[in-house]
Every structure is written in C-alpha cells, then in structure tokens.
Amino acid sequence: MIDALFNEPNYLAAKKLMDATALRQEAIASNLANLETPHYQRVDVAPSFTTELSQALATQSPFQIGSVQARLEVDTTAVAQNKDGNTVDLETELMEENKNVLAHALEAQLITGSLLRLRLAITGRSA
Amino acid sequence: MIDMLPGIDCTTSALTAERIRLDVISQNIANANTTRNIDGKPYQRQQVTFETALRRQETGDGGGALTHTVKVAHVENDQRPPVLVYNPAHPDADHAGMVAMPAINLSEEMADLIVASRVFEANLAVVKNSRSMTIQTLSIGKRS
Amino acid sequence: MNPLSAIRHVDAAALQPLRAPKPALEARAAQTIPLEELEKVALEFNLNPVAKPELAASPFANTLAQMVNEVGAKQSAASNAVNGLLSGQSVPLHQAMIAMEEASVSFQLMVEVRNRLLDSYQELMRMQV
C-alpha cells in the first residue's frame, strides 16, 4: 500500500527520464573526451528508449513504465567527419549537452513536485 | 570514490590529454627555427596521437564498455624531412649555403592549437554542467 | 402515557418451558458418539478438535502490520542505495536521493497514521460513559 503512493505514471516516467539523462551525460562526457581519438564511435542513449517510454506512458500502467530500461548504444546514424573514422561532432555534442542540462532541471522539478505534494497530503502542512 | 559526477573520469582524462597536446604544439611553435638540436640535427616536429582506454568506473546502466577515457598513445617525431632554405649567412649553412630548417608550418600549428583549445574548453563546460546537475540532484525533494 | 405501562403483568404460568424433545430424538441424543468418529469428522472438515476458541485477528491490525513492513522495506532499499553510492558501486546519485526521499515520505505517513490512531483512542477514552 506504500508502493501505491509512488505509482503515479508521470512520477514513474520522470524517474525513468532522469535515469536516461544521467546516462546521456556520461555518453556526452565520453564523446567529448574522445573528440580527437581515431576510430571512436559516438555513443548515446538507445533511441528505442523514447518510443518504449511513450508507449508505456500511453498505457498508464505502472508496471509497464517500470519495465522500461535506459541503456547506452553506439549511435549508428552518426557519420565520420574526417578520414580518421571519428564520428563525434563538437557542435552536435554541445547542443546535446545544453538539452540534457535543461531536461535534468525539468525532471528534478517534476520529481520534487510529486514528493512535496505527497508530504502536503500527509501532513496538511507545506513546510 | 563516490561517483557523484557522471563521466568525470572521461573528462579529466581528456583535459590531461589535451594539455599534453597543447604543450607539444607550443613546443613545436617555439622551436620553429631551431636548426641545431641536442643531437646536432634540426628540430623534428612532434605529434601526439590519442587512443581510448578502459574506464575504471562503470556507466549507470551497468552496460557494456561503450564509454571510454582517452590517453596519449605516444608523442612521436613527425616523419617530414627538414626543409632546405637558402641562407648562406646562417651559422649552420652548409657549403652550398642551404640551411635545414624544421618542417614546421606556423599556420598549421596555430590551427591545431585552436582545435585543441576548443576541445579543452568543451570538456571544461561538461565538468561545469555535471557539477550543476549534481548540485540540483542533491536538492531533489527539498522545499525551495 | 408511560411506555412502561405497556408491559403487562406476566403470569408465571404463561412462561411455559420449551416443549420437550420427541422420544425418538431423545433416545438418539442419549447415545454417545465415540471419540474416533468425532476425530474423523474433524479431520474431514479440517477442524482442530482441541482448538481453543480465540478471536480472529482484526483485518485492521493486519493492514497496520503490512504498512509497517512496507515502510521497513522502503527504508532498507534506501539504505542499500546509499551504501552502494558510498562504496563506489555505480549507483546513480539521483536514484539514491529519490530512494531516501521516498523512504522519508513513507515513514512520515506511518507516523501520521499512528498519531491519528492515538488521538482517536484518547478521544474515546475521554468520552463519558
């Protein structure tokens, strides 16, 4: 019955998105570190994660949302810019980094909002 | 160590590697006119190659080792032969008046310098962003 | 009009004893049933022949016990996440923070339920008989 407190679909989805955001931050760090490394392939969160999560969110089932896992994958759509086979592009990575920081801020807000709302419901006081 | 900043080991390795690269480039620039090295020959341009290395930390999803740190594979001498320049007044001129100058193109070195600086700054930005994200994570659930 | 006047005087003779059971039933009732047969019947219906009569556990007590267990589970999950974080296993920081906050909210709920129960108990005790 305690688990039912935390089974709201939006809250669960925000937690999963934050998992993906943390992973993406690691991917971007690795990509930017290896900007000049020959034959390095760009890494990112698997694109299937977004589709799986939106499908699970459409079903509104906590079990479905909980079963989506974020993982890293080599980005097969990136093309090598120069002949040493490195597929990382500086501007693309910096854009992804900006988007990631904002996404993280949004997810932190959503999660904090849900937790504070629960506390308000329990105690009747907002502090 | 507590793993609070995601990917920090990748970024620190990149900062170290790029700094070494910057050192090598500035050494090349400083020795663009060195006709007599320690071994008596003109200065040979040096070049840095990077390679990936295994991380000590795992990614948060416990997945395969797709992310890598970077390290300098070797600092090696370039294979370009010295450029012969006609300058009979130079102390190192041979009997034909030709001086063997190091094969260093200043504009090429400056371009490399700019690229290395940009990579360095990009990695610094990643550290700054990771730090602000972690501080934000620490205040999840707290009243603002 | 006094409602009590509706109670008429009852004649002692009117209070007849219950009719006695019929003789056949009476004879049958006089026979004793052997213990083995009783035990067989008990086994068949899965009754405990020597069970003491006890009150059934109240469903609300079960609910409370379940809540305490679940809150304990949340606390240990949070403790495990923090342990993993501190010992350098790659537990993401946000998962540890969220686990701690969820454990705290669950605990707060349990404390609030306890407070309300105590308040209602004390209110009951204050009621004059």
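About the criteria used
Residue positions are counted from 1 within each chain, in the order its sequence is given. Chain labels run from A onward and ligand labels from 1 onward, assigned in the order the entries are written. In keeping with the model being predicted, local features are shown solely for residues with a pLDDT of at least 70 and side-chain atom pairs are shown and tallied solely at 80 or more, while totals for entire chains, interfaces and linings include all residues. Runs of H or I in DSSP of at least four residues are treated as helices and runs of E of at least two as strands, each being numbered from the N terminus. Burial in this document is a count-based property: other C-beta atoms within 10 Å of a residue's C-beta are tallied, and the residue is buried at 20 or more, exposed at 12 or fewer, or partly exposed in between, with C-beta positions derived from the backbone. Contact between two residues is assigned when their C-beta atoms, built from the backbone, lie within 7 Å. Each residue receives one of three labels: charged for Asp, Glu, Lys and Arg, nonpolar for Ala, Val, Leu, Ile, Met, Phe, Trp, Tyr, Cys and Pro, and polar for the others, Gly being one of them. In this description, a nonpolar core means buried residues of the types Ala, Val, Leu, Ile, Met, Phe, Trp, Tyr and Cys, linked to one another by C-beta atoms lying within 7 Å. Orientation is described by axes fitted as lines to C-alpha atoms, over the contacting stretch for helices, and by angles from 0 to 180 degrees between their N-to-C directions. Each angle gets one of four labels, with under 35 degrees taken as roughly parallel, over 145 as roughly antiparallel, 65 to 115 as roughly perpendicular, and the rest as oblique. It is the rotation of the near helix from the far one that decides the hand of a crossing: anticlockwise by less than a right angle makes it left-handed, clockwise makes it right-handed. Here the expected span of a helix is defined as 1.5 Å times the quantity of residues minus one. pLDDT: the predictor's confidence for each residue, scored from 0 to 100.

(A) Spatial organisation of the overall build of chain B. The secondary structure content of chain B amounts to two helices and four strands. Shown N-terminal to C-terminal, the secondary structure of chain B runs as helices and strands in the order α-β-β-β-β-α. Overall, chain B is about 80 × 35 × 20 Å in size when its C-alpha atoms are taken along their principal axes. In chain B, which comprises 144 residues, the proportion classed as buried is 28%. Look at the contacts in chain B between residues 6 or more apart in sequence, and 64% of them connect residues 24 or more apart.

(B) Summary view of the overall build of chain C. Counting its regular elements, chain C contains four helices and zero strands. Starting at the N terminus and ending at the C terminus, chain C contains elements arranged as α-α-α-α. Relative to its full complement of 129 residues, chain C shows a buried share of 16%.

(C) Broad picture of the interface of chain B and chain A. Each partner contributes residues to the interface: chain B has 32 residues there, and chain A has 32 residues. Counting residues per element, the ones that place at least two in the side of chain B that touches chain A are α1 (8-30), β1 (46-53), β2 (69-77) and α2 (106-138) of chain B. Residue contributions to the side of chain B that touches chain A peak at 11 residues, all from α2(B). Partitioned by chemical class, the residues of the side of chain B that touches chain A number 12 nonpolar, 16 polar and four charged.

(D) Fine view of the nonpolar core. Of all hydrophobic cores here, the largest spans 54 residues; its most connected members are Leu23(A), Leu32(A), Val45(A), Ile111(A), Ala96(C) and Ala99(C). In terms of residues, this core owes the most to one element, helix α2 (residues 9-33) of chain A, which gives 14 residues. Once residues lying within four places of it in the same chain are set aside, the contact partners of Ile111(A) are Tyr11(A), Ala14(A), Lys15(A), Met18(A), Ile140(B) and Ile98(C).

(E) Representation of unusual backbone geometry in the model. Residue and element names in this part refer to chain A. For His 39, which is not glycine, the phi torsion reads 70° and is therefore positive. Note that His 39 resides in the loop between α2 and β1 (43-45). The backbone of Gln 60 sits at a positive phi, close to 55°, despite the residue not being glycine. Using a count of 11 C-beta atoms within 10 Å as the deciding quantity, one classes Gln 60 as exposed.

(F) Broad picture of the interface of chain C and chain A. Counting residues at the interface gives 15 residues for chain C, matched by 15 residues for chain A. Broken down by secondary-structure element, the contributors of at least two residues to the side of chain C that touches chain A are α3 (59-86) and α4 (93-126) of chain C. Per-class residue counts for the side of chain C that touches chain A are six nonpolar, four polar and five charged.

(G) Layout of the packing of helix α5 (residues 90-123) of chain A against α4(C). Taken N-terminus to C-terminus, the directions of α5(A) and α4(C) make an angle of 10°; their axes are 9 Å apart at the nearest point. Viewed along their axes, α5(A) and α4(C) adopt a mutual orientation that is roughly parallel. Contacts between α5(A) and α4(C) pair Ile111(A), Leu115(A), Leu118(A), Arg119(A), Ile122(A) and Thr123(A) from the former with Ile98(C), Glu101(C), Val105(C), Gln108(C), Leu109(C) and Glu112(C) from the latter. Taken together, the residues of the contact of α5(A) with α4(C) sort by class into seven nonpolar, two polar and three charged.

(H) Focus on the environment of Ala14(B). Among the structural elements, Ala14(B) can be located in helix α1. Counting along the chain gives 56 residues from Ala14(B) to Val70(B), while the straight-line C-alpha distance between them is 5.8 Å. In contact with Ala14(B), not counting residues within four places along its chain, are Leu32(A), Ala33(A), Val70(B) and Asn123(B).

(I) Region of the structure containing the packing of α1(B) against α2(B). Residues and elements named next belong to chain B. Contact geometry for α1 and α2: axes closest at 9 Å, N-to-C directions at 160°. With respect to α2, the element α1 is oriented roughly antiparallel. For the element pair α1 and α2, the recorded crossing hand is left-handed. Contacts from Ile 8, Thr 11, Ala 14, Leu 15, Glu 18, Arg 21, Leu 22, Ile 25, Asn 28 and Ile 29 of α1 reach α2 at Leu 106, Glu 109, Asp 112, Leu 113, Ala 116, Val 119, Phe 120, Asn 123, Val 126, Val 127 and Ser 130.

(J) Structural context of α2(A). Taking 1.5 Å of rise per residue, the 25 residues of α2(A) would be expected to cover 36 Å, and the 36 Å separating its terminal C-alpha atoms lies within 8% of that figure. Judged by how many residues are buried, α2(A) sits mostly within the fold: 23 of 25 residues are covered.

(K) Molecular detail of the confidence of the model for chain C. Residues and elements named next belong to chain C. Summary statistics for chain C give a mean pLDDT of 80 and a share of 65% for residues scoring 70 or more. Within chain C, the element-level pLDDT minimum falls on helix α1 (residues 23-30), averaging 58, and the maximum on α4, averaging 95. For this predicted complex, the interface confidence reaches an ipTM of 0.91, while the overall pTM sits at 0.79.

(L) Region of interest: the environment of Leu120(A). Residue and element names in this part refer to chain A. Structurally, the position occupied by Leu 120 is in helix α5. A residue is classified by how many C-beta atoms lie within 10 Å of it, and Leu 120, with 12 of them, is exposed. Each C-alpha atom of the pair Leu 120 and Glu 107 lies 20 Å from the other, and the pair is 13 residues apart in sequence.

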